[in-house]
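Now for the letters of each chain:
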Protein chains: 2
Amino acid sequence: MSYALILLAHGSSDSRWRAPFEQFRDALVPRLDTPIRLAYMELCDPSLEDSVAQLASAGITQIEVLPLFFAAGRHLRNDVPAQIEQIAHGHEGLDITLLAPVGEHPDFIAALATAVADQVGESLHSQR
Amino acid sequence: MSYALILLAHGSSDSRWRAPFEQFRDALVPRLDTPIRLAYMELCDPSLEDSVAQLASAGITQIEVLPLFFAAGRHLRNDVPAQIEQIAHGHEGLDITLLAPVGEHPDFIAALATAVADQVGESLHSQR
């Protein structure tokens, strides 16, 4: 079984919007011994569909999709599962799993709180 | 000068969407010695406008708005600055500053990469 991870971001019509996701992917790649792709739900390339097709043609048989979202709303509860179901239809034998969004992970909440407290604390300190 | 921090999330029609943001606020409050409010750009209460009004009536004169967004697209480059300009008109002497989104902060990128690498690494380990 050959595994890959897809980081799924929302997508935006503003091309500058992609930079933090690309930086995050670049920070993650050296930390994990597995193929990693960045894909977008809408409005940006590459799409989830194209990314899955590319991985499948490279022999990947198991894909986990990690949403780079703070929370699960309509997109992650309805739109993305429907997208994945449709994509899976076109790739027999490929296992695609949608993970919980990073924002629901307790480590993420704690890491974010520490990063923000440091940032805002410094800003407050420099103003006083 | 009396300062407060507003954490600004996007908002969703799905009420379950709010939980990670509330958890994050609750994790941040004990780390910072300053009033902290959570507000939503759209679709959820409390709105940014109501949160600013509440803080202003409590004597706050300086507010920083920290977007809990991964990246700045149309919302943070156009919609939210327009919202803030309009809100500021109604509160003379109140200083409201929009900060960069948390996703653009280098500490955030690193913290997220560590949290995700741990999570996905554990998942991979348990599958092998």
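Structure: above.
The structure displayed is predicted, hence computed values, not measured ones. (Residues numbered from 1 in each chain as written. Chains lettered and ligands numbered in written order. Predicted model: local features only at pLDDT ≥ 70, side-chain atom pairs only at ≥ 80, totals over all residues. Heavy atoms only, no water.)

**Some points on the overall build of chain A**
What chain A contains, in helices and strands, is 4 helices and 4 strands. The helix and strand sequence of chain A, counted from the amino end, reads β-α-β-α-β-α-β-α. Overall size of chain A, expressed as C-alpha extent along the three principal axes, is 60 × 30 × 25 Å. For chain A, buried positions account for 48% of its 128 residues. (Helix = DSSP H or I, 4+ residues; strand = E, 2+ residues; numbered from the N terminus. Buried < 20%, exposed > 50% of the residue type's maximum accessible area, 1.4 Å probe, protein only.)

**Observations regarding helix α1 (residues 19-28) of chain A**
Within α1 of chain A, burial applies to Pro20, Phe21, Phe24, Ala27 and Leu28 of chain A. Along the axis of α1 of chain A, the buried residues cluster in a sector spanning 120°; they form a single face. (Arc of directions from axis to C-beta.)

**Describing the relation of the copies chain A and chain B**
The operation relating chain A to chain B is a screw motion whose rotation component is 180°, with 0.0 Å of axial translation and a residual RMSD of 0.0 Å. As the rotation angle and translation indicate, the two copies are arranged about a two-fold axis. Within chain A, Ala111 of chain A has its C-alpha nearest the rotation axis, a separation of 2.7 Å. When the interface residues of chain A are mapped onto chain B, 100% of them again fall at the interface, so both copies present the same face. (Least-squares fit on C-alpha atoms with pLDDT ≥ 70 in both. Contact = heavy atoms within 4.5 Å.)

**So, the sheet that holds strand β3 (residues 62-67) of chain B**
Residues and elements named next belong to chain B. Read across the sheet, 4 strands follow the order β2-β1-β3-β4 without closing on themselves; strand pairing throughout is parallel. The open sheet has two edge strands, β2 (36-40) and β4 (95-98), and neither has a second partner. Taking the axes of each pair of neighbouring strands and ignoring which way they run, one obtains an average angle of 25° across the sheet. As paired elements, β3 and β4 share 4 bridges and run parallel to each other. (Pairing = 2+ DSSP bridges. Axes fitted to C-alpha atoms, helices over the stretch in contact; angles between N-to-C directions.)

**Comments concerning the environment of Ala82 of chain A**
Residues and elements named next belong to chain A. Considering the arrangement of structural elements, one finds Ala82 in helix α3 (residues 74-89). Overall, the relative accessible area of 43% leaves Ala82 in the partly exposed class. The spacing of Ala82 and Leu99 is 17 residues in sequence and 14 Å in space, taken between C-alpha atoms.

**A few points about the pairing of strand β1 (residues 3-9) of chain A**
All names here are of chain A. Summarising burial for β1: 7 of the 7 residues are buried, a large majority. Covered by surrounding structure in β1 are Tyr3, Leu5, Leu7 and Ala9 together with Ala4, Ile6 and Leu8, the residues of both alternating faces. In terms of strand pairing, β1 meets strand β3 (residues 62-67) through 6 bridges, oriented parallel. When the sheet's bridge partners are listed, Ile6 is paired in β3 with Val65. Relative to strand β2 (residues 36-40), β1 is paired through 5 bridges, and the arrangement is parallel. Its bridge partner being in β2, Ile6 is matched across the sheet by Arg37. Read as a crossover between parallel neighbours, the route from β1 over α1 to β2 is right-handed. (Right-handed = clockwise from strand over helix to strand, strands pointing away.)

These figures capture arrangement, not role.
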